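This is what each chain is made of:
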Amino acid sequence: MRPALLLTTATLALALGACDPAQRSAPAAPSATAAAAQVPSQLPRNVRPLRYSISAAPDAANLRFSSSVAIDIEVLEATDTITLNAADLTFSSVNLDGDRSARVSIDAAAQTASFRFDAPVAPGRHRLNIDYAGVINTQAAGLFALDYTTESGQRRALFTQFEAPDARRFVPSWDEPNFRTPYDLAVVVPAGQQAISNMPEAGREPRPDGSNVIRFQTSPAMSSYLLFLAVGELDRITTTAAGTEIGVVTRRGAGEQGRWALESSARIVPWFNDYFGTPYPLPKLDNVAGPGSSQFFGAMENWGAIFSFESILLVDPAITTEGRRQSIFEVAAHEIAHQWFGNLVTMSWWDDLWLNEGFASWMATKATAALHPEWEPLLDRVAGREAAITLDSLQTTHPVVQRLTTVEQISQAFDAITYQKGEAVITMLEDYVGEDAWRRGVRTYIRRHRLGNTQSEDLWRAIEEASGRPVRALAHDFTMQPGVPLIRVEGGTCSGGQTRVTLRQGQFSRDNPSGQALSWRVPVIAAAGGRELRTIVEGGVAEASVPGCGPLIVNYGQAGYYRTLYTPAMLGRLTEGFARLRPLDQIGLLADNWALGLAGYQSPGAALDMADAAPANANSKLWERIAAILASVHNMYSADPARQARFDRYAAARLTPILDRLGWSPRANERANDAVLRGEILGTMGFLRDPAVVAEANRRFDANDPSVTAGPLRQTILGIVAYNADAARWERLRVMARDERNPLVKGQLYQLLGGARDPALAQRTLDLALTAEPGATNSSQLIGSVSGVHPDLAFDFALAHREQVEGLVDVSSRSRFLSGLASGSADPAMVEKLEAYATRYLTPESRRPADRAIASIRDRVRVRRDRLPEITRWLEARRG
Ligand SMILES: [Zn+2]
């Protein structure tokens, strides 16, 4: 799965929710196998499913469905009660082996149904036949509907989303990843519509009313969260790659917009066939586009039938930016990586979700680097590391491997620790054992556990066998305990062509810097102009002689998950030589030192000096990071317009030469990343309210310039117009959004409305979100985009209309949605408001995102109080 992509103006993004470990309930599994007994479960282990045969009849118009399922089961010990998962299902008949009916009792809180029989059911094989009905949701959980408008009127398509555990909303089931079974699925499909599932169609029976019953081929044994169904007026384009039929499925008429994803997938699948050493195991692989959006996710790796929201699957030449084209490739690579790592081999329980997601994220970067080196995706690993450390450096963090028991905890686990720290740790471990040994280990792991379930330890075992290196110990340090190591570098004298340093391990913390540091074995790669030195800081300290006497870089190549604190003298040399460093180290050093400056370990001026030393022709991703830092400082000065204006002049002086170099118009044969950078620089300058940039964007908008109606800058220009909008321009954007037929464009336009800087317009956006106008899945995005600029306004509004707003959000995202709105606030009063909200509406386990938001608000308040004056002094010293 990929979390939802949020609007990327130069504004703040919603912080992701998170979760702390909680007590795991003991599995009630006296007769299960020893291996299975170690796997947590919320269900009794006296019965297990062997195969499901589902026949579903959706009633899309009335948002409900009826269904029957035959489940072949094995009863492991005699019992008169069979308990499985079910949520929002009603049962009309439950029958065992054709002749024994059951009484049904529902536990809504536990999301289970229990079937009680008059006498015990004997051990052995049986068949459960269940007739039941359920609801079609309007948010993406279980079977859900997405509505859109075509030339000939309103349309409704149906899709499923079962991760985290929502298959139970579609079929009564043992809805836990460790229960792998084959699935047979049949569905009644209205005349003129198509259906897609994990497997190809096996046959269809026409019915008198013109509808068809479509049956799909039996799936391989798989986990329930990977089952998929889509029904609607669909187009499908296909190609073949390495013997596999690859498809992209869209709403009718949009098929060609899937061409980029189709061609990309056709390159990715053979690359993974080779990397994993096991060919893609199903006869076909579709990627199914759904209009609209979700607060919870952007794409989902259902086996053989990936689902993606249109915004990260379809390319519309009129609106798609170069950055988005690259994201589409990378998201497809992530989901396709899961087809092996996650689907063919599946985590036993959600505790190891990180391995699924961290690995897919890491693999997507790796595949993209191999297939599109010109995009330089490895440079983005710094951004991933920073996203993880941002969460991991507050006391509200949690270990990568966490104990998860409840549905609420599982939903909260899809956060930057799981994804980005997971990716960072895997990057570090691969670097430690070497690329070839790592791949050999992965191949062994996939071969050994295919069609099975695993825990993290199974991967470490395979990697250790392949590499002969003690990976497990390192992995445990970084996955079983929370937090971020800090390596303090001392010494630095040069003699005999060697730089001698002492590396001392502490812990990087933004809200408890003087606390007792945890202990890690930290693999370090250092370089000082000569050969790189590899060592491990163990037991808190290491002495190292680094070949060379040039500027010393301790996290050379940036594969390590830690921060590095240099002496002022070392920083001076790094800054002096900054322009000549490799882009990866430039980006990593800048990010590292900026964070250390904001946390108070050193002056924020150290990073600003580095940014100052970047030449105009430096790598485009370095400039993206500099632009992001300039935007964040601008934001820090929001309560001090005079100083903000002075800072903005400095920022404009830095960014204008870059814009002059790139120009407003794409140039023939320019580098793809320059096209991305153009959008980022313009967006940042629009956010800084640069008069020339805002005037030009408004001029183009008012004149209906071709660059506003179509083309790669359209979204950027509209974003600048929206952020700086007056009432007339906002209204014009709103009419554009309302009248837009293409759901992809419509969603983007509505999000832009929420980006208005003027609080009165932000309020109008919020009011609009509660009307039917934007459409069910756009409304929460509208509120979310308001929170990027006006977190306090958005939170107050959502709290005042809490029930209505929660109805607009996926079930799995509700507890963290309001906290996420507030988390960008810099107002100490918001801490009290969040406390009150959490106390009143949240449970001890669902309040974790609120606690995390509170921690980041406190940190922001501290930075503005303590660190901003230093930035002001740096700026004044520079000017003087
Ligand atoms: Zn994923």
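Each value, and the rule that gives it
Residues numbered from 1 in each chain as written. Predicted model: local features only at pLDDT ≥ 70, side-chain atom pairs only at ≥ 80, totals over all residues. Heavy atoms only, no water. Helix = DSSP H or I, 4+ residues; strand = E, 2+ residues; numbered from the N terminus. Buried < 20%, exposed > 50% of the residue type's maximum accessible area, 1.4 Å probe, protein only. Contact = heavy atoms within 4.5 Å. Lys, Arg positive; Asp, Glu negative; His and termini not counted. Charge placed at Lys NZ, Arg CZ, Asp CG, Glu CD. 1 Å grid on protein atoms, 1.4 Å probe; cavity = no way out; pocket = protein on both sides within 12 Å on 5 of 7 lines; lining within 4 Å. Points joined across faces, edges and corners; volume = space filled by probe spheres on them. Nonpolar A, V, L, I, M, F, W, Y, C, P; charged D, E, K, R; others polar. Pairing = 2+ DSSP bridges. Axes fitted to C-alpha atoms, helices over the stretch in contact; angles between N-to-C directions. Right-handed = clockwise from strand over helix to strand, strands pointing away. Donors = N, O, S within 2.8 Å, 3.2 Å for Na, K, Ca; no water. Parallel < 35°, antiparallel > 145°, perpendicular 65-115°, else oblique. Left-handed = near helix turned anticlockwise from the far one by under 90°. Disulfide = S-S within 2.5 Å. Polar contact = N/O pair within 3.5 Å; in protein donor to acceptor, adjacent residues only side chain to side chain.

Asker: Quick one: what's the story with the overall build of the protein, residue by residue and with numbers?
Answerer: Of the regular secondary structure elements, the protein holds 28 helices and 28 strands. The principal-axis extent of the C-alpha atoms belonging to the protein is close to 90 × 65 × 55 Å. Taken across its 880 residues, the protein has 61% of its residues classed as buried. Contacts in the protein between residues at least 24 apart in sequence constitute 71% of all its contacts with a sequence separation of at least 6. The protein carries 91 positive and 97 negative side-chain charges, and their two centres are separated by 3 Å.

Asker: Help me get a handle on the layout of surface pockets, residues and values and all.
Answerer: Roughly 630 Å³ of volume is contained in the second largest pocket. Q111, R169, V407, E408 and V811 are the residues nearest the centre of the second largest pocket, which is lined by 33 residues in total. The set of elements that each furnish at least two residues to the lining of the second largest pocket consists of α6 (407-412), α25 (802-806), α26 (814-822) and α27 (828-841). For the lining of the second largest pocket, the element with the most residues is α6, which contributes three residues. Residue composition of the lining of the second largest pocket, grouped by class: 15 nonpolar, nine polar and nine charged.

Asker: Explain the pairing of strand β8 (residues 124-135) to me, and be specific about the residues and the numbers.
Answerer: In this sheet, β8 lies alongside strand β2 (residues 64-75) in antiparallel orientation, the contact comprising 12 bridges. Within β8, the residue paired with A70 across the bridge is N129. One ladder, built from six bridges, connects strand β4 (residues 90-96) with β8; its direction is antiparallel. Within β8, the residue paired with S93 across the bridge is D131.

Asker: Let's hear about the sheet that holds strand β6 (residues 103-107): which residues, and what values?
Answerer: Taken together, three strands build an open sheet; the order of strands is β3-β7-β6 and the sheet is antiparallel. Edge positions in the sheet fall to β3 (79-85) and β6, since each of these pairs with one other strand and no more. Strand-to-strand, the axes of this sheet are offset by a mean angle of 25°, without reference to chain direction. Looking at chain direction, β3 and strand β7 (residues 112-121) are connected through six bridges and run antiparallel. If you follow L84 over to β7, its bridge partner there is A113.

Asker: An account of the pairing of strand β17 (residues 244-251) is requested, with residue identities and associated values reported.
Answerer: Taking burial as the measure, the eight residues of β17 include seven buried ones, the bulk of the element. Note that strand β16 (residues 234-241) and β17 share eight bridges and pair antiparallel. Across the sheet, residue T240 finds its bridge partner in β17, namely E245. If you look at the hairpin formed by β16 and β17, you'll find two residues sitting between the two strands, and A242 has a positive phi there, around 50°. On the question of chirality, the crossover connecting β17 to the parallel strand β18 (residues 284-290) by way of helix α2 (residues 259-276) is left-handed.

Asker: Just give me the short version of the coordination of the zinc ion, but keep the residues and values in it.
Answerer: Protein ligation of the zinc ion involves M1 (N), M1 (O), H334 (NE2), H338 (NE2) and E357 (OE), the donor distances falling in the range 2.0 to 2.2 Å. Judged by relative accessible area, which is 0%, H334 ranks as buried.

Asker: Could you give me a rundown of empty space enclosed by the protein, with the residues and numbers involved?
Answerer: Here the structure, examined in full by the defined rule, presents seven cavities of 30 Å³ or more. One number sums up the size of the second largest cavity: a volume of about 80 Å³. R381, V382, G384, R385, Q420, E423, A424, T427, Q558, A559, G560 and Y561 together form the lining of the second largest cavity. Breaking the lining of the second largest cavity down by element, the ones donating at least two residues are α5 (381-392) and α7 (416-433). Of the residues in the lining of the second largest cavity, the class split is four nonpolar, five polar and three charged.

Asker: Describe the packing of helix α17 (residues 691-702) against helix α20 (residues 727-739), listing the residues and the values that go with them.
Answerer: Working note: a packed helix pair is described by the angle between its axes plus the distance between those axes. Interaxial distance between α17 and α20 falls to 12 Å at its minimum, and their mutual angle equals 50°. Classified by the angle between their axes, α17 and α20 sit oblique to one another. When you trace α17 past α20, the crossing you get is left-handed. When α17 is examined against α20, the residues N698, F701 and D702 are found in contact with a partner set consisting of R729, R732, L733 and M736. The residue inventory of the contact of α17 with α20, partitioned by class, reads three nonpolar, one polar and three charged.

Asker: Summarise the sheet that holds strand β24 (residues 498-508); cite the residues concerned and give the values.
Answerer: Taken in spatial order, the four strands of this open sheet run β27-β24-β23-β28, and their pairing is mixed. With one partner strand each, in any of the chains shown, β27 (541-547) and β28 (563-565) form the two edges of the open sheet. Between one strand and the next, the sheet's axes are offset by a mean angle of 30°, whatever the strand orientation. The sheet contact formed by strand β23 (residues 484-495) and β24 spans 11 bridges and is antiparallel. The residue of β24 that forms the bridge with S495 is Q498.

Asker: Before we move on, can you summarise the state of the cysteines with the specific residues and values?
Answerer: Per the stated rule, a full pass over the model turns up one disulfide. Shown here is the disulfide that connects C494 with C549, its sulfur atoms set 1.6 Å apart. Of this pair, C494 sits in strand β23 while C549 sits in the loop between β27 and β28, and the two are 55 residues apart along the sequence. Its relative accessible area of 31% is what places C549 among the partly exposed residues.

Asker: Could you give me a rundown of the side chain of D585, with the residues and numbers involved?
Answerer: Within the element layout of this structure, D585 appears in helix α12 (residues 583-599). What makes D585 buried here is its relative accessible area of 0%. Polar side-chain contacts of D585 include one of 3.0 Å to the side chain of Q558. Those residues in contact with D585 that lie beyond four places of it in its chain are I553, N555, Y556, G557 and Q558.

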